Amino acid sequence: FFFSRSGRGHRVANCVRPFLSLFYKFNLSFKMNFKLAAAALLTVGVASAWQSNVPFFVSTKNIQRSAVLTNALYSKNVQHKPSSSLQMVVTDPTSTSGGMFTASNVENRRIVPEELRDRPKMKVVYVVLESQYQSSMTAAVKRINAGSENMAVESVGYLLEELRNDETFEQFKKDVADANVFIGSLIFVQELAEKVVEVVQPNRNNLDAVLVFPSMPEVMRLNKVGNFTMKNLGQSKSVIADFMKKKKQEDGSSFEEGMLKLLRTLPKVLKFLPSDKAADARTFMMSFQYWLGGSPENLESLLMMVGQDYVGPVKESMKGKERVVAEEPVLLPDKAIWHPVAPEIVFENNKSYFEWYDKEFCPVAGIDPKTAPTVGLVLQKSHINTKDDTHYVSLISELESRGARVVSIYSGGLDFSGPVEEYFYDAAGRPVVDTVINLTGFALVGGPASQDHKKAASVLKRLNRPYMCAVPLVFQSFEEWQASELGLHPIQVALQVSLPEIDGAIEPIIYAGREGATGRSVPLADRVNLLADRAMKWANLRAKPVQDKKIAITIFSFPPDKGNVGTAAYLDVFDSIKAVLKQLKSEGYDVGDAPMDKEAIMESVLNDPEAKISSPELNVAYRMSTDEYYELTPYATDLEENWGPAPGNLNSDGANLVVYGKQFGNVFIGVQPSFGYEGDPMRLLFAKSASPHHGFAAYYTYLEKIFQADAVLHFGTHGSLEFMPGKQVGMSGTCYPDRLINSLPSAYLYAANNPSEATIAKRRSYSATVSYLTPPAENAGLYKGLKELKELISSYQGLRENEGRGPAIVNSIVSTAWTCNLDKDIEDLPDLDGYDAVNDTPERRDDIVGKVYAEIMQIESRLLPCGLHTVGVPPTAEEAIATLVNIAQLDRPEDEIEGLPRVIAASVGRDINEVYRGNNMGVLGDVDLNTKIVDASRAAVRALVKQSTNSEGRVKEVKNMFDEMGSFFGGLTGAKKPWTQAIIDSGFPDVNEERLAPVFGYLEFCLKQVVANNELGGIMELLNGEFLMPAPGGDPIRNPDVLPTGRNMHALDPSAIPTTAAVEVSQDVVRKLLEKLSDENDGAYPESIAFTLWGTDNIKTYGESLAQVLALVGVRPVADSIGRVNKVELIPLNELGRPRIDVVVSCSGVFRDLFINQMNLMDRGIKMAAEADEPLEMNFVRKHAIEQAEELNVSVREAAARVFSNSAGSYSANVGLAIENGGWEDESQLQDQFLTRKGFAFNADKPGMMEQQADLFKAALKNVDVTFQNLDSSEISITDVSHYYDSDPTKVVQGLRDDKKKPMSLMADTTTANAQVRTLSETVRLDARTKLLNPKFYEGMLSTGYEGVREIQKRLRNTMGWSATAGEVDNFVFEDANSVFIEDVEMQQRLLDTNPNAFRDMVTTFLEANGRGYWETTDENIERLQELYAEVEDRIEGI
């Protein structure tokens, strides 16, 4: 490992060579373990290896001691605390950060000359994104102060993030005010860039030189070196900008890549210009080269050059003296391969590298180059330049100590795709790596400012190896990160987690920290070990023969009950497992005697053959003794605080811990245990979630250490692993998701429409996600009385002029509408008693019929996902039509595509928005026209799909409807396109075919996406150790790029929301909301609205609900100069035209994890409003903040806290858990849970923490007039999941208000192009009619069998949840549900036979709804339910 023939080369090699030879001798003499040897390099002070000419001596005794300590870390039999990395993390006595992420001390970076010796002093102030330049700058300044006769230097450095601190910012102002030179680099955070400009701009004329290297344009424009400036950067006159633009067009270069190319080009050009004109430009370019060089020598040359040429006092003192000739920049090649102990500093081709590595290094290190896996590392060149490379050295040694080869590459810029393609392939074009780890934390192509994700994904797919992106701490010291509940700094999450995920990166493991005093990077021992272990496991998936690979399929049971085993959103779990087993078998995996029948697979997991028939006990795969559990689970004792000693009573038989599941050959199908506290009222009330219980820990211990899985496949949305307590992002070794998954590679099937929770799984449980399709949404249709109503309306339209028949039909319509309970949705529906349409005017009759028509068409056209999805099965042609019709209705202005309804409406001279408005108001003509437009759209899409449909009713290959030959002959004959003809045949003869072309071209593309399917392929790619292509998650109707499924799902760049389009949509929704509220309140506006924000919804809509919050407050989001949304401004009251509405925002735990920067935006905007000097009657935010400040004795700014969520690492109010499991006494318990768990405030002034602010939360909520949520997707509605009612504060507000008045509850529905605002009770009724009570829905579910019964019961239980939290469920909903599922004896028997456990839960829900006062019904119904419950219990118990 350490032997080197040459005395030449890298300083690291020079510094450690005495130890290397010493260890080499040890190895020969004592046959030392290689891992002992590996310790030396990490423990002898490589952190100071950048220093030149420093004698380096160390005793053998100390080396042995350090090596033994390190070896202990690797010993499987020795438990150790994850403390400092191999004894190298210097303790940083940073005081408490007070909520700031970065609390380091600027004075650590201040160097003042000890003595001036009559020399002029030059003061240098520098601001950098990262701290690796600190030690080089410090050394350079000290060398000048010690050796120069011409100048002395004072320097002080600031990390960009430190400028958030008020005291530090004031000190920065003072330092810049008396500085000579300002240097800035990588200033890409908008609000901090503004701070830099705010300070430097007024002092620019007084500064002798300003050197700004790649940063935001407004900062770059500060540059000043003599006559050289960049004042036109970003404008048309800028030569540099033109050069950058040209290079970007030529080869896709990023800004920094362009700068590097400019560096190589300009010096040649400048030679031919008059020296006086070129000198200043050349100085800037030389300065940039010195800066990129990064070493103390390079920075010394930079300071000397700038000082003697531009700093007044130094220039003056140099008169008559011989100028110091600046050394040429000592630069490493722009890209190369690096190894810390190589005889050459770097290798510029992999042939020479492997020649040395395989033949000289590997034999000494005990690595077999022929069989060893190879791990490719991507490094940041600046760390190598500045010799701040200890964290790299640490990981390299860990990988090599495990027997892996390592090839480490770097790039001079931030486009690493070139080095990847050059160095990770052999001469024959074959990949030489098995796993890749990007250690820079940045996107593969681009940097903090710009990225090319498509190029990155393409490069990585060609390589086709697992791609991990580990993260070094930049803005936090190790201790700050360790102490932070939130974990990784939000700016780093945005730049170094979110953006690499869009490339397809997985596993954002923190592997290095920043030592507070020196700013140097230090490896974090347990994190480096974990990263090395996981990289090796991914590499193993490539190398291991498939017949020997062990795969653990993990399914879920939620809520915990035998009838719920195989829970997953919209997924037919056991049918999908059958498909996966079949695929595994076809590819050579050993699946033993696994049945290829869904029912048999289900039976093998659900029932223990040794237990009595129909036992509640699942099949037991393994019984783990407590001794074995404690021996194999290093954190087991930590769980005792919450759960007592093992085995406990969960997943236990009283003596052992029990693992449920079934093994088939090398495939294990296991049931993940539940959280464990679902039915415990006290645990549900805790503000912070409890640790996993012993049974949960035992399950993952079994997978990793007893079954010894090579990979785990988590099956469906979603389990509990990723929601276990721990940091939000950037797990430590004490976070439970990290402890549980440990070194197991994890593939996770996640619904494509749920990117937010999928992202939590990626970040917290290190899972590579594979998206699966949700069932295509169809129209809900009509049934029973609703269907009869439509027929009556059709009759009325034909006979409305007939004074005899017309009124009689209207009477029937009114009567049937009452029977269908539509009186609750149609305000002025005539009473049954005494009404006769004969006595009404024709206009009034049309009005009544129109409103009924609008209501039933709203029900009929409601989108309804039917059935469950089976992995690997693409939609049928009919299902594809349903999806495409929904895609076609939306306008897509960014793509210049008009929605199909808009084009059809225009053919009859109408604007579709007018038609929608008339339809919503119940104008009969507009309701009828809207219905005809919908029918014409469906007919046109059907005509498109029909062209590509085969005899089996599936689309195998999409035919190009725009082929030249067809167009040619069509033009000759005058024939219309099939879809145009379909629209004409539907009653729109004047439709413009040319205007239809864009939308149908788009639909053709979408059809290809819809029917493509890579779900099984995606699973296998991960299990075979390949790169899975990334794809956005979200609503496929809004964003068809979500399709095809079977790809590694990611969220979006959080700095990109809210988008301009989202802001426009949100303004329309807010206008409708406030119009509705003011109309119902005599023109008065509400003073305060309680909002709930969801992660997935904001991903799907690109921040619509976030923008609604800002719009209500009267705040405008503002994009920075590179398009990122990270600041806000107040909209003047005269422009707003109404009062500022106060808001109380409850963010889901997932929103908090993904969008903490947007929480920052909201908090800043709300506080701007609270502090605005405006009349209180026009600013309710300020009005309430002043009242609360007085009440709570805090400042107005503190009282303006309005953005709340769970504590870090906790999720939900647990209201849903309580209701799903019946574990609640009364509604007050649910309300206490909400207030306790959701009362943690975000504070932009202290962004590093979520503070419990229960009093502020209650004070804000008690002013609320309206509660409000958004529905943005047809796939997930308010009774599909418990999340919506779990976070609904309606009854909480009622309890807190002084007048105890229940606030109005509203829902915005943007699931279609016709966005509407409805009351919560209207929305519950609409959901019940289209799902729970709709034969199309429940028969579709029942067709899937076991899982279908559970899905029906889930919606009944969630409906009751709305009764508990909001009291907005009409009695008829329960009554009609009872008629459908209980009174119908045949239906009752079907449910009982298909899933007796879920049917028992259904009976229980009906009884509970009655017992809690939510459903009034007959004694006969209750007696029937009680008898049924006893009968089902006996059936389940086998009696």
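Residues numbered from 1 in each chain as written. Predicted model: local features only at pLDDT ≥ 70, side-chain atom pairs only at ≥ 80, totals over all residues. Heavy atoms only, no water.

This paragraph deals with the overall build of the protein. The helix and strand inventory of the protein stands at 59 helices and 36 strands. The 1439 residues of the protein split such that 64% are buried. Contacts in the protein between residues at least 24 apart in sequence constitute 76% of all its contacts with a sequence separation of at least 6. For the protein, the exposed area adds up to about 50800 Å²; of that, 49% sits on carbon and sulfur atoms. (Helix = DSSP H or I, 4+ residues; strand = E, 2+ residues; numbered from the N terminus. Buried < 20%, exposed > 50% of the residue type's maximum accessible area, 1.4 Å probe, protein only. Contact = heavy atoms within 4.5 Å. Areas by Shrake-Rupley, 256 points an atom, 1.4 Å probe, with all protein chains shown as cover.)

Moving on, we come to the nonpolar core. Counting 282 residues, the largest nonpolar core has I555 and M1162 as the members making the most contacts within it. With residues near it in sequence (within four places) discarded, I555 still touches V565, G566, V573, F574, I577, V605, I669, G670, V671, Q672 and F715. In terms of nonpolar packing, the next biggest core, distinct from the first, is built from 101 residues, V810, L868, L1230 and F1406 among them. (Core = buried A, V, L, I, M, F, W, Y, C linked by side-chain atoms within 4.5 Å.)

The next thing to look at is the sheet that holds strand 10 (residues 405–411). Strand pairing within a sheet occurs via backbone hydrogen bonds; the two strands may be parallel or antiparallel. Read from one edge of the open sheet, 6 strands run 8-7-10-9-11-12, paired in mixed fashion. Each edge of the open sheet carries a strand with a single partner, namely strand 8 (346–347) and strand 12 (467–469). As paired elements, strand 9 (residues 374–380) and strand 10 share 7 bridges and run parallel to each other. Among the inter-strand pairings, L379 is bridged to a residue of strand 10, identified as Y410. Along the sheet, helix 13 (residues 350–365) contacts strand 7 (335–338), strand 8 and strand 10; its crossing angle with strand 10, the most-contacted strand, is approximately 145°. (Pairing = 2+ DSSP bridges. Axes fitted to C-alpha atoms, helices over the stretch in contact; angles between N-to-C directions.)

A few words on the sheet that holds strand 36 (residues 1316–1319). Ordered by their spatial adjacency, 8 strands build an open sheet running 33-32-31-30-27-34-35-36, and the pairing between neighbours is mixed. With one partner strand each, in any of the chains shown, strand 33 (1250–1252) and strand 36 form the two edges of the open sheet. Across the sheet, the mean angle separating the axes of adjacent strands is 30° when strand polarity is ignored. Both strand 35 (residues 1304–1309) and strand 36 contribute to a ladder of 4 bridges, which runs antiparallel. Bridging from a neighbouring strand, A1308 pairs with V1317 of strand 36.

Tallied over the entire structure, the rule returns 91 salt bridges. For the salt bridge of D653 with R623, the shortest nitrogen-to-oxygen distance reads 3.0 Å. In this pair, D653 sits in the loop between helix 24 (640–643) and strand 18 (656–664) while R623 sits in strand 17 (residues 620–625), placing the two residues 30 residues apart along the sequence. With relative accessibility at 41%, the residue R623 sits in the partly exposed group. The shortest N-O distance in the salt bridge between D1299 and R1297 comes to 2.9 Å. Judged by relative accessible area, R1297 falls into the buried class, the value being 12%. (Salt bridge = Lys/Arg side-chain N within 4 Å of Asp/Glu carboxyl O.)

Next up on the list: the pairing of strand 9. Extensive coverage of strand 9 is indicated by the burial of 7 of its 7 residues. By the alternation rule, side chains of strand 9 split into T374, G376, V378 and Q380 and V375, L377 and L379, which are all buried. Taken together, the 4 bridges between strand 9 and strand 11 (residues 435–438) define a ladder with parallel strand orientation. Directly across from V375, in strand 11, lies its bridge partner T435.

This next bit is on the packing of aromatic side chains. Counted under the stated rule, the structure contains 39 aromatic pairs. Here the aromatic rings of Y353 and W356 are separated by 6.0 Å at their centres, their planes lie at 55°, and the arrangement is tilted. One end of the pair is Y353 and the other is W356, both in helix 13 and 3 residues apart, which spans about a single turn. Between the aromatic rings of F1234 and F1257, the centroid separation amounts to 5.8 Å while the plane-to-plane angle is 25°, which identifies the pairing as stacked. Of this pair, F1234 sits in helix 49 (residues 1227–1238) while F1257 sits in helix 50 (residues 1254–1261); the two residues are 23 residues apart in sequence, bridging distant segments of the chain. Under the relative-accessibility criterion, F1234 is labelled buried at 2%. Taken together, the aromatic side chains of Y133, F213, F228, F284, F288 and W291 make up a single cluster linked through ring pairs. Here the basic side chain of R1152 rests over the ring of Y1211, its NZ or CZ set 5.0 Å away from the ring centre. (Phe/Tyr/Trp six-rings, centres within 6.5 Å; stacked < 30°, edge-to-face > 60°. Lys NZ or Arg CZ within 6 Å of the ring centre and 35° of its normal.)

Time to look at the packing of helix 53 (residues 1320–1332) against helix 56 (residues 1371–1383). For any two helices packed against each other, one specifies the crossing angle of their axes together with the interaxial distance. Following both chains from N to C, one finds helix 53 and helix 56 inclined at 10°, their axes separated by 11 Å at the closest point. The angle between helix 53 and helix 56 places the two elements in the roughly parallel class. Taking contact as the criterion, the partners of R1325, A1328, R1329 and L1332 in helix 53 are, on helix 56, F1372, V1373, A1377 and F1381. Tallied by class, the residues present in the contact of helix 53 with helix 56 amount to 6 nonpolar, no polar and 2 charged. (Parallel < 35°, antiparallel > 145°, perpendicular 65-115°, else oblique. Nonpolar A, V, L, I, M, F, W, Y, C, P; charged D, E, K, R; others polar.)

Here we take up the confidence of the model for the protein. On average, residues of the protein score 85 in pLDDT, and 86% of them are at 70 or above. Taken element by element, the protein is modelled with least confidence in helix 3 (residues 60–74), mean pLDDT 31, and with most confidence in strand 11, mean pLDDT 98. Confidence drops under a pLDDT of 50 for residues 1–98, and excluding neighbours within four residues, the segment shows 166 contacts in the predicted structure. (pLDDT = per-residue confidence, 0-100.)

Residue placement: S1277 occurs in the loop between strand 34 (1266–1271) and helix 51 (1283–1286). The buried category is assigned to S1277, whose relative accessible area is 3%. Looking at S1277, its side chain comes within polar contact range of the side chain of D1327, at 2.6 Å. (Polar contact = N/O pair within 3.5 Å; in protein donor to acceptor, adjacent residues only side chain to side chain.)

So, on to the packing of helix 53 against helix 55 (residues 1346–1365). Two elements in contact, helix 53 and helix 55, have axes whose closest approach is 12 Å; the angle formed by their N-to-C orientations is 165°. On the basis of the axis angle, helix 53 is roughly antiparallel to helix 55. With respect to the hand of their crossing, helix 53 and helix 55 are arranged in left-handed fashion. The residues of helix 55 that touch helix 53, namely those facing L1320, V1324, K1331 and L1332, are I1352, R1355, L1356, T1359 and W1362. (Left-handed = near helix turned anticlockwise from the far one by under 90°.)

Relative to the helices and strands, R1318 resides in strand 36. For R1318, a relative accessible area of 7% gives the class buried. Distance in space between the C-alpha atoms of R1318 and S1305 is 8.7 Å, their sequence separation being 13 residues. The contacts of R1318, once residues within four sequence positions are left out, are Q858, R862, S1305, L1306, M1307, D1309, T1323 and L1326. Within the local environment of R1318, its side chain forms a polar contact with the side chain of Q858, the two groups lying 2.6 Å apart.

Neither face of strand 11 is exposed, since T435 and I437 on one face and V436 and N438 on the opposite face are all buried. As paired elements, strand 11 and strand 12 share 3 bridges and run parallel to each other. In the strand pairing of strand 12, V436 is matched with Y467.

Position of N105 relative to the elements: it lies in the loop between helix 3 and strand 1 (121–128). A relative accessible area of 41% means that N105 is categorised as partly exposed. When the C-alpha positions of N105 and E162 are compared, they lie 8.8 Å apart, and in sequence the two are 57 residues distant.

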